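Structural overview for review
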2 protein chains.
Amino acid sequence: MGTQGQNDSSRQPTVKEVALLAGVSPMTVSRTLNGGKSVRLEVQQRVIDAVQMLGYQRNENARSIRPGQPSGLVGVAITNIANPYYGNFALGVEDIASQRGRRIILGTTGEDSARERQLIADFIGRQVEGLILVPSGGRSDHLQPNRLRGTPLVLASRMAAGVDVDAVIVDDIGGALRGTQALLDVGHTRIGYLGNDASTFTGMRRFQGFRQALVAAGLAADPRHVRLGQNDISEAALAATDVLMSPDAPTALFAANNRNAVGALKAIGELLAHGRPLETMPALVSFDSFELSELMPVPVVVVDHDARELGRQAATMLFRRLDGDPDAPAVVVEMPTVVRNSRR
Amino acid sequence: MGTQGQNDSSRQPTVKEVALLAGVSPMTVSRTLNGGKSVRLEVQQRVIDAVQMLGYQRNENARSIRPGQPSGLVGVAITNIANPYYGNFALGVEDIASQRGRRIILGTTGEDSARERQLIADFIGRQVEGLILVPSGGRSDHLQPNRLRGTPLVLASRMAAGVDVDAVIVDDIGGALRGTQALLDVGHTRIGYLGNDASTFTGMRRFQGFRQALVAAGLAADPRHVRLGQNDISEAALAATDVLMSPDAPTALFAANNRNAVGALKAIGELLAHGRPLETMPALVSFDSFELSELMPVPVVVVDHDARELGRQAATMLFRRLDGDPDAPAVVVEMPTVVRNSRR
DNA sequence: TTGATTATTGGTAACGATATCATGAAGAGT
DNA sequence: ACTCTTCATGATATCGTTACCAATAATCAA
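Overview of the structure.

Analysis parameters
- Along every chain, residues carry numbers that run from 1 in the direction the sequence is written.
- Note on labels: chains are lettered from A, ligands numbered from 1, in written order.
- Where totals are concerned, whole chains, interfaces and linings use all residues; where local detail is concerned, this predicted model gives features only for residues with pLDDT of at least 70, and gives and counts side-chain atom pairs only at 80 or more.
- For the side-chain quantities, the full set of heavy atoms in the structure was used; hydrogens and water were omitted.
- By definition, two strands form a pair when at least two bridges between them are found by DSSP.
- By definition, any uninterrupted DSSP run of H or I lasting at least four residues is a helix, any uninterrupted run of E lasting at least two residues is a strand, and each is numbered from the N terminus.
- Between N-to-C directions, angles span 0 to 180 degrees; the directions come from axes that are lines fitted to C-alpha atoms, helices contributing only their stretch in contact.
- Residue contacts are counted whenever heavy atoms from the two residues lie within 4.5 Å of one another.
- Values labelled buried area give the accessible surface lost by two parts on being combined, using a 1.4 Å probe and summing over both.
- Whenever Lys or Arg places a side-chain nitrogen within 4 Å of a carboxyl oxygen from Asp or Glu, that contact is recorded as a salt bridge.
- Polar contact is defined as a pair of N or O atoms within 3.5 Å, subject to the rule that within protein one atom must be able to donate a hydrogen and the other to accept it, and that residues adjacent in sequence are counted only when both atoms are side-chain atoms.
- Three classes are used, and their members are as follows: Ala, Val, Leu, Ile, Met, Phe, Trp, Tyr, Cys and Pro are nonpolar, Asp, Glu, Lys and Arg are charged, and the others, Gly among them, are polar.
- For each residue, the test is whether any non-hydrogen atom lies within 4 Å of the molecule or strand; if one does, the residue is near.
- Using a 1.4 Å probe on the protein chains alone, a residue whose accessible area is under 20% of its type maximum counts as buried, one over 50% counts as exposed, and one in between counts as partly exposed.
- Only rings of Phe, Tyr and Trp enter the pairing, Trp through its six-membered ring, and a pair is recorded when the two centres are within 6.5 Å. The plane angle decides the type: under 30 degrees is stacked, over 60 is edge-to-face, the rest tilted.
- For a ring to carry a charge above it, either NZ of a lysine or CZ of an arginine must fall within 6 Å of the ring centroid while also lying within 35 degrees of the normal to the ring plane.

Next up on the list: the sheet that holds strand S11 (residues 332-335) of chain B. Spatially, the 12 strands line up as an open sheet ordered S11(A)-S5(A)-S4(A)-S3(A)-S1(A)-S2(A)-S2(B)-S1(B)-S3(B)-S4(B)-S5(B)-S11(B), and their pairing is mixed. On the outer flanks of this sheet lie strand S11 (332-335) of chain A together with S11 of chain B, each paired with one strand and no other. Across the sheet, the axes of successive neighbouring strands diverge by a mean angle of 20°, strand direction being ignored. When strand S4 (residues 153-157) of chain B meets strand S5 (residues 166-170) of chain B, the two strands line up parallel, connected through 4 bridges. Each bridged residue has a counterpart across the sheet, and for Val154(B) the counterpart in S5(B) is Asp166(B).

Below you can see the structure in the form of structure tokens.
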């Protein structure tokens, strides 16, 4: 009935069947499909017709077991795709990878080191040409080059202790410092902090930037107003509410990532809905931008960087490694951040 | 130096090398790795030690070329990961897939039918066990079951014309109708519309629900206030500004998806920043929720459904198909939507 | 016309893993 | 002691593809 694909057996056709139909050897089919060097045009046409007729699709897995044949896959492990930050990151990786004819296998670690280890092993088992990982912290011996058997690895956003590989990170310290500075400049002196667990790379660095800014202003962080380790919006909202309801509540909050910023704003929304006056609501610094920050009821200072560009950068580093010297020294690129007020 | 992985050659070890080290045949290694039936415990231990020692990782691609051996891969093609809606969708698919021991290969079509075709072909070439696709519209002969050679396909969010396969869609018509109704109920009579191209499945259905609600109220859509085909936030913002600046500007806007809703709100933010009074700003219906909708300066009616659940549902249907009868009739599930006001 | 070169094609083997069958050893039942 | 199982193991062949080499035909220089 259809114009093609007459053989509707459920098995996929192979070179052999194409060869049979075209009246040539499998080798000639293979050659035709790989550029047609040393195959007569007329024969090539016969092969192409047979491919069309059968709906033949080369088995990339079989192809990749031959030595020297790349798999065309790049493994990407992030902590959480639901976070639009990482969605954008993955998109950036895909931008570059698809330009280079590679596909992405995506996995999420959920900040779990054991799952990360398993994911990496699986990626390697699938013969990925390279790995891009947002490491989740914890033990990281599974990331050592000798464990990866020559598969290049690029870390993104965070580095991993004791692992000497290419990495793209963000100017966490500077960004946090300047973001905090912006709050101090407009007179805030009691600033709460909502952030990642201190054991994570970015968590540590952003907190460090935050403290540096306070110290420079002769202030110190009030431990009662510091909450670490919230991993999703609802945990962040709870922590924010808690801080805002405490005695001597801070007049501003520093949210060290997207999830904590959104959670803090949800908490503020709740308090407003319960009748707390707008004037008592804190200002906010958000490390990582989020959509519509300019429409928030409280002033928001955004410490922004382009997650998609971070992904592009990571992928670019990976391909540079794949094209070039696998043993060249590891490179760490620090991407700049932009601090801006959500309101003009 | 490390406690394991002594052989630091860059090539990956194979069963053969493990077998040699353990003093057994490759077959015994394979058996051990697949559950250890019919292998003495002591021998299994030797094999496991050798695996550890060499850092052996089974080559899944080689494995999958044997007939009957599944690849463990599910192909997921969405239009755009940067849209958090699809990020959540992908996460939902991954939830179920990883439970079932499968990995996801992710690709983005960018609403481009040719790219979709190529992506699907590539996925099939990689021997995916199944496909989950948000179809981008346009020709869809490449989605016909006979072209897919028995690889199960589940469509999500949208259906494709003339393609009779499993699908999970959303109650677009009912959601749009009830969302519009909510605006009519509070007295709006001039409602603008920002939506997908009318050729897309959801675009058509949501517009249909919108019009049904108007017709039921004895009204009609004003063509000057209908804008279709905006694919990203900035295009949506331009369209929204245009509508809002036009004579007889509507008092409310219906945004048929997340991107258009955010774009409309950005436009509103701009206008407010330029001094337009809040009272002249339109109310909004957003089909698809977005973060912090409750903090928006204008009232927002959200027509919500759970994208992650949509992904889970699609994956569940795929596995049901993989486990069960490949020839059972296609099933279409319509997920309900919830209409709510962003403010209490 | 002849020998040499080149272009086109196919045969064979190999990639890594495993299903199948064959082999041998150990134990059970008579 | 002897057959009948059962268990543990290995040899071989195979999956789909392509590198390598051999074989043939076509072209060219002298």
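Taken together, the 68 residues of chain A in the interface contact 68 residues of chain B. Between chain A and chain B lies a buried interface of about 5700 Å² when both sides are counted; carbon and sulfur atoms form 51% of it. For the pair chain A and chain B, the number of links is 8 salt bridges. At the junction of chain A with chain B, the criterion picks out 24 residue pairs in polar contact (both at pLDDT 80 or more). Tallying contributions element by element places helix H6 (residues 113-125) of chain A first for the side of chain A that touches chain B, with 8 residues. When grouped by side-chain class, the residues that make up the side of chain A that touches chain B number 25 nonpolar, 26 polar and 17 charged. Where strand S2 (residues 103-108) of chain A meets strand S2 (residues 103-108) of chain B, 3 bridges bridge the pair, whose relative direction is antiparallel. When the sheet's bridge partners are listed, Ile104(A) is paired in S2(B) with Leu106(B).

This brings us to the protein's contact with DNA strand C. Neighbouring DNA strand C are 25 residues; Thr28(A), Val15(B), Tyr56(B), Arg63(B) and Arg66(B) lie closest to it. The protein-proximal atoms of DNA strand C, defined as those within 4 Å of the protein, are 64% sugar or phosphate. The separation between a phosphate oxygen of DNA strand C and a polar main-chain atom of Val15(B) is 2.6 Å. A distance of 2.4 Å separates a base oxygen of DNA strand C from a polar side-chain atom of Arg66(B). Those elements giving two or more residues to the surface near DNA strand C turn out to be helix H2 (26-33) of chain A together with helix H2 (26-33) and helix H4 (60-65) of chain B. Partitioning the surface near DNA strand C into residue classes produces 11 nonpolar, 8 polar and 6 charged.

Further remarks concern the pattern of salt bridges. Close approach of charged atoms allows side chains with opposite charge to pair. Throughout the structure, instances matching the rule amount to 51 salt bridges over all chains. Between Asp95(A) and Arg308(A) there is a salt bridge whose closest N-O contact spans 2.9 Å. Here the residue Asp95(A) occupies a position in helix H5 (residues 84-99), and Arg308(A) occupies one in helix H12 (residues 307-323), the gap between them amounting to 213 residues. Note on Asp95(A): relative accessible area 17%, which makes it buried. The shortest N-O distance in the salt bridge between Arg321(B) and Asp166(B) comes to 2.7 Å. Here Arg321(B), found in helix H12 (residues 307-323), pairs with Asp166(B), found in strand S5; they are 155 residues apart in sequence, far enough to count as distant. Each member of the pair Arg321(B) and Asp166(B) is classed as buried. One connected set of salt bridges, linked through shared partners, spans Asp95(A), Arg308(A), Glu309(A) and Arg312(A).

In the structure shown here, the tally under the stated rule is 12 aromatic pairs over all chains. Measuring from ring centre to ring centre gives 5.1 Å for Tyr85(A) and Tyr86(A), while their planes differ by 90°; the resulting arrangement is edge-to-face. Both rings, one in Phe207(B) and one in Phe210(B), keep their centres 6.0 Å apart while their planes meet at 20°; by these two values the pair is stacked. Here Phe210(B) and Phe207(B) lie together in helix H9 (residues 201-216), a separation of 3 residues that amounts to about one turn. The same class applies to Phe207(B) and to Phe210(B), which are both buried. A network of ring pairs unites the aromatic residues Tyr193(A), Phe207(A), Phe210(A) and Phe254(A) as a single cluster. The positively charged end of Arg206(A) is found above the aromatic ring belonging to Phe287(A), 3.9 Å away from the centroid.

Residues and elements named next belong to chain A. Residue Gln127 is not a glycine yet carries a positive backbone phi of 65°. Secondary-structure assignment places Gln127 in the loop between H6 and strand S3 (130-133). For Arg149, which is not glycine, the phi torsion reads 55° and is therefore positive. Topologically, Arg149 is positioned in the loop between helix H7 (145-148) and strand S4 (153-157).

As a further point, take the pairing of strand S8 (residues 252-255) of chain A. All names here are of chain A. Burial of S8 is two-sided: the residues Ala252 and Phe254 facing one way and the residues Leu253 and Ala255 facing the other way are all buried. Bridge count for strand S6 (residues 191-195) against S8 is 4 bridges, and the pairing is parallel. Bridging across to S8, Gly192 finds its partner in Leu253. Where S8 lies against strand S9 (residues 283-287), 4 bridges are found, and the strand directions are parallel. Bridge pairing links Leu253 to Leu284 in S9.

Function-wise, these values are silent; they only describe arrangement.
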